[in-house]
Amino acid sequence: MIVSFPNHWIIIIDILAWTFFHLSISAICLKLPLVWFLRDHFWFQIFSWEKSGELWQRLFRVKRWKGYIIDGTIFLKKGYSKKGLHGIGLRDLTIFAAETKRAEFTHWLSILPAPLFFLWNPVWAGWVMILYALVFNLPIIVVQRYNRGRITAITSKFVKK
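As the structure is a prediction and not an experimental result, all values here were calculated from the model.

Colleague: I would appreciate a short explanation of the overall build of the protein chain in the present structure.
Modeller: Within the protein chain one finds seven helices and zero strands. The linear arrangement of helices and strands in the protein chain, starting from the amino end, is α-α-α-α-α-α-α. Relative to its full complement of 161 residues, the protein chain shows a buried share of 37%. Intrachain contacts of the protein chain at a sequence separation of at least 6 include 74% that bridge at least 24 residues. Within the structure as shown, the protein chain displays about 10,300 Å² of accessible surface, and the carbon and sulfur contribution to it stands at 71%.

Laid out in structure tokens, this is it:
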């Protein structure tokens, strides 16, 4: 069922819907226990072809722009800031890596609502919403995988000793 709204309301509805989805998904992910992200789930593993995150640097020059991404913790006033390391010990790095998994999971989930926008938007605007979801979330996912790849390489040296 396609819902029809006057054109000037669609933009407001889109903004409110995205705000709702972003904040709701973030709040839910923040409530997930850290221990869930400390586990090595398949979907969070850093694959050998990522070269400990260096693939992302080579393809997208992550170091050049990652500092411009706003950390979501400033909006919710909760969570674990990933703007910098909280220490260099094994425990600090392990927690940082787990929090990159939480951030990556949050941003993958934040892409999922995009097709719902076809319900009240014209088709072209629905595609714009899909594009928005990808453009907004994929760079953050790339940064999390880049950082976690680097941290995993460092922590594996701790474990081997």
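Colleague: Help me understand the nonpolar core in this model?
Modeller: Here is a general trend for soluble globular proteins: nonpolar side chains tend to be buried in one another's company. Core analysis: the biggest nonpolar cluster contains twelve residues, these being Ile10, Ala17, Trp18, Phe21, Ile111, Ala114, Phe117, Trp120, Met129, Ile130, Ala133 and Ile141. Aside from chain neighbours lying at most four places away, what touches tryptophan 18 is Ser110, Ala114, Phe117, Met129, Tyr132 and Ala133. The next biggest cluster of nonpolar side chains, apart from the first, holds six residues, and it includes Leu55, Val142, Val143 and Tyr146.

Colleague: Before we go on, may I ask you to explain the packing of helix 1 (residues 7-31) against helix 6 (residues 90-111) in this structure?
Modeller: At a minimum axis separation of 9 Å, helix 1 and helix 6 run at an interaxial angle of 145°. Crossing handedness for the pair helix 1 and helix 6: right-handed. Across from Trp18, His22, Ile25, Ser26, Cys29 and Leu30 in helix 1, the residues of helix 6 making contact are Arg102, Phe105, Thr106, Leu109 and Ser110. Here the contact of helix 1 with helix 6 is built from residues that sort into six nonpolar, four polar and one charged.

Colleague: When you look at the pattern of salt bridges in this model, what are you seeing that I'm missing?
Modeller: Pairing is possible between side chains of opposite charge, provided their charged atoms come close. Taken as a whole and judged by the stated rule, the model has five salt bridges. In this structure, lysine 101 and aspartate 40 form a salt bridge, with 3.6 Å as the shortest nitrogen-oxygen distance. In this pair, lysine 101 is assigned in helix 6 and aspartate 40 in the loop between helix 2 (34-38) and helix 3 (54-60), connecting sequence segments 61 residues apart. The class for lysine 101 is buried, based on a relative accessible area of 7%.

Colleague: Would you mind showing me how to read the packing of aromatic side chains here?
Modeller: For any pair of aromatic rings, the description consists of the separation of the ring centres together with the inter-plane angle of the planes. Counting across every chain of the model gives 20 aromatic pairs. A centroid spacing of 6.2 Å and a plane angle of 35° characterise the contact between tryptophan 36 and tryptophan 43, whose relative ring orientation is tilted. Tryptophan 36 sits in the partly exposed class, given a relative accessible area of 22%.

Colleague: Where do I start with helix 1 in this structure?
Modeller: Helical geometry note: an α-helix holds 3.6 residues per turn, so side chains three or four residues apart project in the same direction. Taking 1.5 Å per residue, 25 residues should reach 36 Å; helix 1 reaches 37 Å between its end C-alpha atoms and fits that length. All of the buried residues in helix 1 are Ile10, Asp14, Ala17, Trp18, Phe21, His22, Ile25 and Cys29.

Colleague: Even after reading the chapter, I still don't get the environment of isoleucine 46, so can you show me in this structure?
Modeller: With respect to the helices and strands, isoleucine 46 occurs in the loop between helix 2 and helix 3. For isoleucine 46, a relative accessible area of 21% puts it in the partly exposed group. Apart from the residues lying within four places of it in its own chain, the contact partners of isoleucine 46 are Ser52, Arg145, Arg148, Gly149 and Thr152.

What counts and how
- Residues numbered from 1 in each chain as written.
- Predicted model: local features only at pLDDT ≥ 70, side-chain atom pairs only at ≥ 80, totals over all residues.
- Heavy atoms only, no water.
- Helix = DSSP H or I, 4+ residues; strand = E, 2+ residues; numbered from the N terminus.
- Buried < 20%, exposed > 50% of the residue type's maximum accessible area, 1.4 Å probe, protein only.
- Contact = heavy atoms within 4.5 Å.
- Areas by Shrake-Rupley, 256 points an atom, 1.4 Å probe, with all protein chains shown as cover.
- Core = buried A, V, L, I, M, F, W, Y, C linked by side-chain atoms within 4.5 Å.
- Axes fitted to C-alpha atoms, helices over the stretch in contact; angles between N-to-C directions.
- Left-handed = near helix turned anticlockwise from the far one by under 90°.
- Nonpolar A, V, L, I, M, F, W, Y, C, P; charged D, E, K, R; others polar.
- Salt bridge = Lys/Arg side-chain N within 4 Å of Asp/Glu carboxyl O.
- Phe/Tyr/Trp six-rings, centres within 6.5 Å; stacked < 30°, edge-to-face > 60°.
- Expected span 1.5 Å × (residues − 1).

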